[in-house]
Amino acid sequence: MSSMTVNDRPVRFDLDPDMPLVHALRDAMNLTGTKACGGDCIGACMVLVDGAALRSCRITLAEAEGRFITTIEGLSRDRSHPVQQAMVAEQAIQCGYCTPGIVIAAAALIQRNPAPSEAEIAEAIANMCRCGVYPRLVRAVQRAGRVQQRRESISAAPPPNVSAEDAARAVPALRPSRD
């Protein structure tokens, strides 16, 4: 049995200790923000392990034993983390598949270096993204660093505060069927 802390919650997995962490997070904990790469890791599976951004497809449950894991869901429950806010404000999100991994890698980077250069950002965020948002991504990470240092604020991307019930009223497809 593998024990660790995931998003500030102690958990125990009764799974094969050689299982990649990404599968335990997605399949056993339903934390689907961490994306599975399907063999060719593009960094979409990035999580924080003891504060360091690591690819969860390359870490086994045994290697995660006793460690503190933070997924995109645990980074900020209301999406108010400076990187999340800056990504929206700078329009650095396209299809969204690799975004959780990018956000995690950027959060780790600005935690240790709140004023990274473009080269440091490129090195820290090794995620492959076909959408071509790199210039905006660099601006977003640098802006997030300034926000974290309280040198700047972002008001363009307020955290969501819509309840599931309000969302269902606003979007008919979210309403439960009455079969």
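Our structure is the block above this text.
Here the structure is a predicted model, which means the values were calculated and not measured. (Residues numbered from 1 in each chain as written. Predicted model: local features only at pLDDT ≥ 70, side-chain atom pairs only at ≥ 80, totals over all residues. Heavy atoms only, no water.)

> So what's going on with the pattern of salt bridges? Residues and values would help.
Tallied over the entire structure, the rule returns 5 salt bridges. Two residues, Arg143 and Glu90, come together in a salt bridge whose shortest N-O distance is 2.9 Å. A residue pair is termed long-range when its members are at least 10 positions apart, and Arg143 in helix α7 (residues 134–148) and Glu90 in the loop between α4 (82–89) and α5 (99–112) qualify at 53 residues. An identical accessibility class is assigned to Arg143 and Glu90; each is buried. In this structure, Arg143 and Glu152 form a salt bridge, with 2.6 Å as the shortest nitrogen-oxygen distance. For Glu152, a relative accessible area of 24% puts it in the partly exposed group. Salt bridges sharing common partners tie together Glu90, Arg139, Arg143, Arg146 and Glu152. (Salt bridge = Lys/Arg side-chain N within 4 Å of Asp/Glu carboxyl O. Helix = DSSP H or I, 4+ residues; strand = E, 2+ residues; numbered from the N terminus. Buried < 20%, exposed > 50% of the residue type's maximum accessible area, 1.4 Å probe, protein only.)

> I'd like a description of the sheet that holds strand β3 (residues 46–49), backed by residues and values.
Strands sit in the order β2-β1-β5-β3-β4 across an open sheet of 5 strands; the sheet is mixed. Of all strands in the sheet, those with a lone pairing partner are β2 (9–13) and β4 (52–55), marking the two edges. In this sheet, neighbouring strand axes are inclined to one another by 40 degrees on average, regardless of whether the strands run parallel or antiparallel. Strand contacts of α5: β3, β4 and β5 (68–70), with the helix running at about 35 degrees to β3, the strand carrying the most contacts. (Pairing = 2+ DSSP bridges. Axes fitted to C-alpha atoms, helices over the stretch in contact; angles between N-to-C directions. Contact = heavy atoms within 4.5 Å.)

> Talk me through α7; I want residue IDs and the actual numbers.
Relative to the 21 Å expected for 15 residues at 1.5 Å per residue, α7 spans 21 Å between its end C-alpha atoms, a close match to the ideal helical length. When we look at burial in α7, the residues that qualify are Leu137, Val138, Ala140, Val141, Arg143, Ala144, Gly145 and Val147. In this fold, the buried residues of α7 make contact with α4, α5 and α6 (118–124). Phi turns positive, to about 65 degrees, at Arg150, one or two residues after α7. (Expected span 1.5 Å × (residues − 1).)

> Tell me what's going on with the packing of α5 against α7, and back it up with residues and numbers.
It is the contact of α5 with α7, at a shortest axis distance of 10 Å, that shows an interaxial angle of 45 degrees. In terms of axis orientation, α5 runs oblique to α7. For α5 against α7, the interelement crossing comes out right-handed. Contacts from Ile102, Ala106, Leu109, Ile110 and Gln111 of α5 reach α7 at Leu137, Val141, Ala144, Gly145 and Gln148. Its residues assigned to classes, the contact of α5 with α7 comprises 7 nonpolar, 3 polar and no charged. (Parallel < 35°, antiparallel > 145°, perpendicular 65-115°, else oblique. Left-handed = near helix turned anticlockwise from the far one by under 90°. Nonpolar A, V, L, I, M, F, W, Y, C, P; charged D, E, K, R; others polar.)

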